Amino acid sequence: MKDVAKSAGVSTATVSRVLNSPDLVAPETAAKVQETIHLLGYRPNIFAQGLMTRKSRLLGIALPDIHGEFYSELLRGADSEARRLGYHLLISSEVRDAESSLISPGSGFIAGVAVMLTEPTQTLWKQVRAATLPLVVIDTDISDPDVDRVLVDNTTGTRDAVRHLLVSVMPELCFFIGGPKNNYDTQQRAKVFRASLAERMPGLAGLDEHHLHFGEYSVEWGHTRGLEILSKHRANPSVQEPIGILAANDEIAFGVMLAAADLGLTIPGDVRIIGFDDTRLASLLRPGLSTVRVPMAQVGAAAISALVDRIDEPDREATCTRLPTELIIRGTSAPNRH
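Reading guide: rules and limits
Residues numbered from 1 in each chain as written. Predicted model: local features only at pLDDT ≥ 70, side-chain atom pairs only at ≥ 80, totals over all residues. Heavy atoms only, no water. Axes fitted to C-alpha atoms, helices over the stretch in contact; angles between N-to-C directions. Helix = DSSP H or I, 4+ residues; strand = E, 2+ residues; numbered from the N terminus. Parallel < 35°, antiparallel > 145°, perpendicular 65-115°, else oblique. Left-handed = near helix turned anticlockwise from the far one by under 90°. Contact = heavy atoms within 4.5 Å. Nonpolar A, V, L, I, M, F, W, Y, C, P; charged D, E, K, R; others polar. 1 Å grid on protein atoms, 1.4 Å probe; cavity = no way out; pocket = protein on both sides within 12 Å on 5 of 7 lines; lining within 4 Å. Points joined across faces, edges and corners; volume = space filled by probe spheres on them. Pairing = 2+ DSSP bridges. Salt bridge = Lys/Arg side-chain N within 4 Å of Asp/Glu carboxyl O.

> Quick rundown of the packing of helix H10 (residues 219–234) against helix H11 (residues 250–262)? Include the residues and the values.
With their axes 7 Å apart at the nearest point, H10 and H11 run at an angle of 45 degrees to one another. Taken together, H10 and H11 sit at an angle that is classed as oblique. Crossing of H10 against H11: the hand is right-handed. Of the residues in H11, those touching H10 at Val219, Trp221, Gly222, His223, Gly226, Leu227 and Leu230 are Glu251, Ile252, Phe254, Gly255, Val256, Leu258, Ala259, Ala260 and Asp262. Residue composition of the contact of H10 with H11, grouped by class: 10 nonpolar, four polar and two charged.

What follows is the structure, given as structure tokens:
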């Protein structure tokens, strides 16, 4: 900074203001300092800045995984919002472990953390609540009123998907293939699926056992369980009606599509399928996958925005941001479409 100040003919305080509060500096002076910074190749050290200002410009985000389009979209939104607000983002997938160093009290020089708890364990939840830094929880509608949280509207998206299937599929032939049974999203989607079917067939016994299936968020799981469900349907020649499947994410739906192809079943003639998330591949397949669109980039951005608000106003009331979902109808569930 001294080198920049000397070269630009200004004080080090002016250089500091240009870097941190440019609105306080005359435009001509700011432009001259910025040009000098560019010529000298000066890059502020964010750790040194934090020590001087006692305010960190680093945020953390902890996810169960960082692989796949679902998480990459969330991170894209989070990183874009962090940069817009003048912060840098650190990313960790340590939430899969019982202990996460990113959200521990001695986590280092970060201002706050957004953490996705899809399957919160008691140990991890205690760690989250014991953290002394500002915190936002993603994806889990916890009962604690003092914690900021960002959610997606699983209820509307699932209900719209089931109602769409029931237009052309008998309720007895509708099935839900979900991820892990303790996963928050799977629990919510299964609950709404069950309630929607119960409205149409209140006297049907064994709804949970025969119509709801739980496993993992993967193509392999969708293929395995899809084969089992569709094979039973195909083995009964007296049943000529199509079967409907709501998958808890697009990967499971892709697996079901593969299972239908393996069994020689047509989509959407014999099988009508709806996924969840609306990943890019859903629109590229033929037939295109009907799915419930989840605005993951907006989820990431909303989490960072809420986190910065908490950093700026540590005593404000906790907020719950619930982002909308939307049913996207494509060829896998529309009998009259190619």
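> Requested: an account of the environment of Val25, with residues and values cited.
Positionally, Val25 belongs in the loop between helix H2 (12–20) and helix H3 (27–40). Once the C-alpha coordinates of Val25 and Val15 are considered, the two residues, 10 residues apart in sequence, prove to be 9.3 Å apart. When residues no more than four places from it in sequence are discounted, the contact partners of Val25 are Thr14, Arg17, Val18 and Ala30.

> Can you break down the environment of Ser196 residue by residue, with the values?
Position of Ser196 relative to the elements: it lies in helix H8 (residues 184–200). Residues Ser196 and Pro171 lie 25 residues apart in sequence; the distance between their C-alpha atoms is 9.3 Å. Apart from the residues lying within four places of it in its own chain, the contact partners of Ser196 are Arg159, Val162 and Leu166.

> Please set out empty space enclosed by the protein residue by residue, giving values where relevant.
Summary: where empty space remains is shown by rolling a probe the size of a single water molecule over the atoms. Enumeration over the complete set of coordinates arrives at one cavity of 30 Å³ or more. One number sums up the size of the largest cavity: a volume of about 50 Å³. Lining the largest cavity, in full, are Phe70, Met116, Ile138, Asp139, Val150, Leu151, Val152, Asp185, Arg189, Val294, Met296 and Val299. Of all the secondary structure elements, the ones that give two or more residues to the lining of the largest cavity are strand E5 (148–152), H8 and helix H13 (296–312). Of the residues assigned to the lining of the largest cavity, the class counts are nine nonpolar, no polar and three charged.

> Describe in detail the sheet that holds strand E7 (residues 212–214), supporting the description with residues and values.
Read across the open sheet, the six strands follow the order E7-E6-E8-E9-E10-E12; overall the sheet is mixed. A single partner strand is all that each edge strand has here, and the edge strands are E7 and strand E12 (326–328). Neighbour-to-neighbour, the strand axes of this sheet turn through a mean angle of 20 degrees, independent of strand direction. Examined bridge by bridge, strand E6 (residues 174–178) and strand E8 (residues 243–247) share four bridges and lie parallel to one another. Looking across to E8, one finds that Ile177 is bridged to Ala247.

> Explain the sheet that holds strand E2 (residues 88–92) residue by residue, including any values.
Spatial ordering of the open sheet is given by E2-E1-E3-E4-E5-E11, a layout of six strands whose pairing is parallel. Each having just a single partner strand, E2 and strand E11 (320–323) make up the two edges of the open sheet. Neighbour to neighbour, the strand axes of the sheet diverge by 20 degrees on average, direction disregarded. Pairing geometry for strand E1 (residues 58–62) and strand E3 (residues 112–116), over four bridges, is parallel. Across the sheet, residue Ala62 finds its bridge partner in E3, namely Val115. Relative to the sheet, H13 contacts E1, E2, E3, strand E4 (135–138), E5 and E11, its axis offset from that of E4 by approximately 160 degrees.

> Describe the pattern of salt bridges, naming the residues involved and giving the relevant values.
The full count for this structure, using the stated rule, is 10 salt bridges. For the salt bridge of Arg76 with Glu73, the shortest nitrogen-to-oxygen distance reads 2.9 Å. Pair noted here: Arg76 and Glu73 are both in helix H5 (residues 69–84), with a separation of three residues, about one helical turn. Notably, a salt bridge pairs Glu81 with Arg84, separated by 2.8 Å at the nearest N-O pair. Taken together, the positions of Glu81 and Arg84, both in helix H5 and three residues apart, correspond to about one turn of that helix. Taken together, the shared-partner salt bridges in this structure form one network comprising Asp278, Arg293, Glu326 and Arg330.

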